[in-house]
Amino acid sequence: MRDSNREWVFAQRPDGEPDMDSFELRAGDVPEPHHGELLVRVRYLSVDPYMRGRMRDAESYAEPWDVGDVMAGAVVGEVVESESDAYEAGDLVTGNGTWADYSVLDADSVAPVDPSVADLPAYLGVLGMPGRTAYFGLLEVGEPKPGDTVVVSGAAGAVGSVVGQIATLNGCRVVGFAGTDEKVEWLTEDLGFDAAINYKQVDDYRAALDDAASDGVDVYFDNVGGPITDAVFTRLNLDARVAVCGQIAHYNDEGVPTGPRKLPQLISVRAKVQGLLVGDYASRFEEASERLGEWVAAGEITHRESVVDGLENAPDAFLGLFAGDNIGKQVVAVSADGL
Ligand code: NDP
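Residues numbered from 1 in each chain as written. Predicted model: local features only at pLDDT ≥ 70, side-chain atom pairs only at ≥ 80, totals over all residues. Heavy atoms only, no water.

Student: Please clarify how the overall build of the protein chain should be interpreted in this entry.
Tutor: On a plain count of helices and strands, the protein chain comes out with 9 helices and 15 strands. Radius of gyration (C-alpha) of the protein chain: 20 Å, near the 20 Å computed for a compact globule of 339 residues. Along the three orthogonal principal directions, the C-alpha set of the protein chain runs to about 60 × 45 × 35 Å. When the 339 residues of the protein chain are sorted by exposure, 52% land in the buried category. Of the contacts formed within the protein chain by residues at least 6 apart in sequence, a portion of 68% connects residues at least 24 apart. Of the accessible surface of the protein chain, which amounts to about 15,300 Å², a share of 44% is contributed by carbon and sulfur atoms. Taken together, the 25 basic and 59 acidic charged side chains of the protein chain have centroids lying 7 Å from each other. (Helix = DSSP H or I, 4+ residues; strand = E, 2+ residues; numbered from the N terminus. Rg over C-alpha atoms; globule rule 2.2 N^0.38 Å. Buried < 20%, exposed > 50% of the residue type's maximum accessible area, 1.4 Å probe, protein only. Contact = heavy atoms within 4.5 Å. Areas by Shrake-Rupley, 256 points an atom, 1.4 Å probe, with all protein chains shown as cover. Lys, Arg positive; Asp, Glu negative; His and termini not counted. Charge placed at Lys NZ, Arg CZ, Asp CG, Glu CD.)

Student: For this particular structure, what's the right way to read the nonpolar core?
Tutor: Inside soluble globular proteins, nonpolar side chains tend to come together where they are buried. Core analysis: the biggest nonpolar cluster contains 47 residues, and Val126, Leu138, Ile166, Leu187, Phe221, Leu292 and Ile301 have the highest contact counts within it. Elements with a minimum of two residues in this core: helix H2 (129–142), strand S8 (149–152), helix H3 (158–169), strand S9 (173–178), helix H4 (181–190), strand S11 (217–222), helix H8 (285–297) and strand S15 (329–333). Here this core spans two domains, and each of domain 1 (5–125 + 303–333) and domain 2 (129–279) adds at least three residues to it. Apart from residues no more than four positions distant in its own chain, leucine 292 is found in contact with Val126, Leu127, Gly131, Arg132, Tyr135, Val162, Ile166 and Ile301. Core analysis: the next-biggest nonpolar cluster, separate from the first, contains 28 residues, Trp8, Val40, Trp65 and Leu321 among them. (Core = buried A, V, L, I, M, F, W, Y, C linked by side-chain atoms within 4.5 Å. Domains from an automatic or database assignment.)

Student: Hey, could you run me through the domain arrangement of the protein chain in this one?
Tutor: By a widely used convention, the size of an interface equals the accessible area lost when the partners come together. Looking at the protein chain, the domain boundaries give domain 1 (5–125 + 303–333) and domain 2 (129–279). Inter-centroid distance (C-alpha atoms) of domain 1 to domain 2 is 28 Å. Listed per partner, the contact involves 22 residues of domain 1 and 16 residues of domain 2. Summed over both sides, the interface between domain 1 and domain 2 buries roughly 1,600 Å², with carbon and sulfur atoms accounting for 55% of that surface. For the domain 1 face of the interface with domain 2, the top three residues by lost area are Arg56, Arg304 and Ile327, together amounting to 26%. Where domain 1 touches domain 2, the interface holds 3 salt bridges. As a salt-bridge pair, arginine 304 and glutamate 182 come within 3.5 Å of each other at their nearest N and O atoms. Summed over the shared surface of domain 1 and domain 2, the result is 8 residue pairs in polar contact (both at pLDDT 80 or more). When residues of the side of domain 1 that touches domain 2 are traced back to their parent elements, those giving at least two are helix H1 (50–54) and helix H9 (314–323). (Buried area = accessible area lost by both parts, 1.4 Å probe. Salt bridge = Lys/Arg side-chain N within 4 Å of Asp/Glu carboxyl O. Polar contact = N/O pair within 3.5 Å; in protein donor to acceptor, adjacent residues only side chain to side chain.)

Student: I tried to follow the pattern of salt bridges on my own but got confused; where do I start?
Tutor: Should their charged atoms come close, side chains of opposite charge can pair. All chains considered together, the criterion is met by 14 salt bridges. The salt bridge partner of arginine 52 is glutamate 254, with a shortest N-O separation of 3.6 Å. In this pair, arginine 52 is assigned in helix H1 and glutamate 254 in the loop between strand S12 (236–244) and helix H7 (264–267), connecting sequence segments 202 residues apart. Salt-bridge contacts for glutamate 143 lead to lysine 272; the nearest nitrogen and oxygen are separated by 3.5 Å. With glutamate 143 in the loop between H2 and S8 and lysine 272 in strand S13 (residues 272–275), this pair connects stretches of sequence that are 129 residues apart. When its relative accessible area of 38% is taken as the criterion, glutamate 143 is described as partly exposed. Among the charged side chains, a network of salt bridges with common partners joins Arg6, Asp101 and Glu312.

Student: Help me out: how do you make sense of the site of the ligand in this one?
Tutor: Taken together, 26 residues are adjacent to the ligand, and Lys183, Tyr199, Tyr251, Leu276 and Asn326 come closest. Leucine 276 places a polar main-chain atom, nitrogen or oxygen, 2.8 Å from a nitrogen atom of the ligand. When the ligand is considered free in solution it has 910 Å² of accessible area, and contact with the protein chains removes 91% of it. Broken down by class, the residue content of the shell around the ligand amounts to 16 nonpolar, 9 polar and 1 charged. Taken domain by domain, the makeup of the shell around the ligand includes at least three residues from each of domain 1 (5–125 + 303–333) and domain 2 (129–279). (Near = heavy atom within 4 Å. Nonpolar A, V, L, I, M, F, W, Y, C, P; charged D, E, K, R; others polar.)

Student: What's the story with the packing of H2 against H3 in this structure? I'm lost.
Tutor: When two helices pack together, their arrangement is given by the angle between their axes and by how far apart the axes lie. For the pair H2 and H3, the least separation of the axes is 8 Å and the interaxial angle reads 45°. Put simply, H2 runs oblique to H3. Note that H2 runs across H3; the crossing there is right-handed. Contact with H2, carried on its side by Pro130, Gly131, Thr133, Ala134, Tyr135, Leu138 and Leu139, involves Ala158, Val159, Val162, Val163, Ile166 and Ala167 of H3 and no other residues of that element. Of the residues that constitute the contact of H2 with H3, the class distribution is 11 nonpolar, 2 polar and no charged. (Axes fitted to C-alpha atoms, helices over the stretch in contact; angles between N-to-C directions. Parallel < 35°, antiparallel > 145°, perpendicular 65-115°, else oblique. Left-handed = near helix turned anticlockwise from the far one by under 90°.)

Student: When you look at the sheet that holds strand S10 (residues 195–198) in this model, what are you seeing that I'm missing?
Tutor: Note on sheets: strands pair through backbone hydrogen bonds, and any given pair is parallel or antiparallel. A sheet is described by the order of its strands in space; here 6 strands give the open sequence S10-S9-S8-S11-S12-S13, paired in parallel fashion. The sheet terminates laterally at S10 and S13, the two strands that pair on one side only. Across the sheet, the mean angle separating the axes of adjacent strands is 15° when strand polarity is ignored. Note: S8 against S9, 4 bridges, orientation parallel. Opposite valine 152, over in S9, you have glycine 176 as the bridge partner. (Pairing = 2+ DSSP bridges.)

Encoded structure:
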């Protein structure tokens, strides 16, 4: 039924950890697509840690939201009205939309979705931005070599779970940090990680690393920062590479955290630490999508999505990222069965 639309609006900047006060669900009319645009019925929407950065009134790589803006993010959906020659009603597409029942997407920036390759939520995870982040971040910044030990933090999340599997495909020994025993079991039993550490059950991360990565760390793919990263820095091997992808442990901090300074650890091992932004690889996204699609189709990469049902629960799904509620990619089912 295309008679009304609900959308989540950014209602208040959070101070520290966000809560429901930052979100307001509004009802309104279904938007009209203009020339070059598609009206899409959202099937699934993505919630991502980077959205916390957009809630802050500070310059960053992702533009800050103004209070009153509709929450934006990646969606998978079905075209219901097309003002573009490239797509017609009924096509499934993925692109940047909004937390809404109906969203208007720019036809030039969407990609077609093929449900025979993978279920729709996978297009927000392994076959979407997180998968591409894992692909370029590990291969271009981490530069893994066969026999290397690769350590991944946030290992059971959307990016981390793919990083570990690509590292395994490249002949590396892979160790993950994750926050529950269920996640540890998924990593080691299903995804082929050689070892995984439940950091919420361990007091001494360095001792845990000595057990799990006894030859030291050649590549560290960092999704979280904080004390896990402090510990990994003390176990880096000669010429180690550190890919700084995310720092979710700090996203709710209101100031720059200080504390033990770990840079001296990098000197004697001549480690290279590099930040990465997936958008820098935009000209090569097709290559990554093709390769990841092949790995998924061949069963060489396993993926999983945590699905929260209902647009009304989108903020809960987002807040759950900071509590570690998700295994694999967190998505929200808005109209999962279609029209
Ligand atoms: P995830 O699916 O990994 O979800 C976040 C996970 O982070 C949670 O499940 C939780 O798992 C873990 N976590 C939350 N708080 C902490 C904490 N204080 N310490 C340790 N772990 C914590 O998210 P994504 O895969 O989408 O993103 C992973 C990281 O990569 C994020 O930091 C994100 O911002 C970044 N990113 C960067 C990109 C870039 O271009 N640079 C692009 C995409 C993502 P657990 O149970 O293990 O604690």
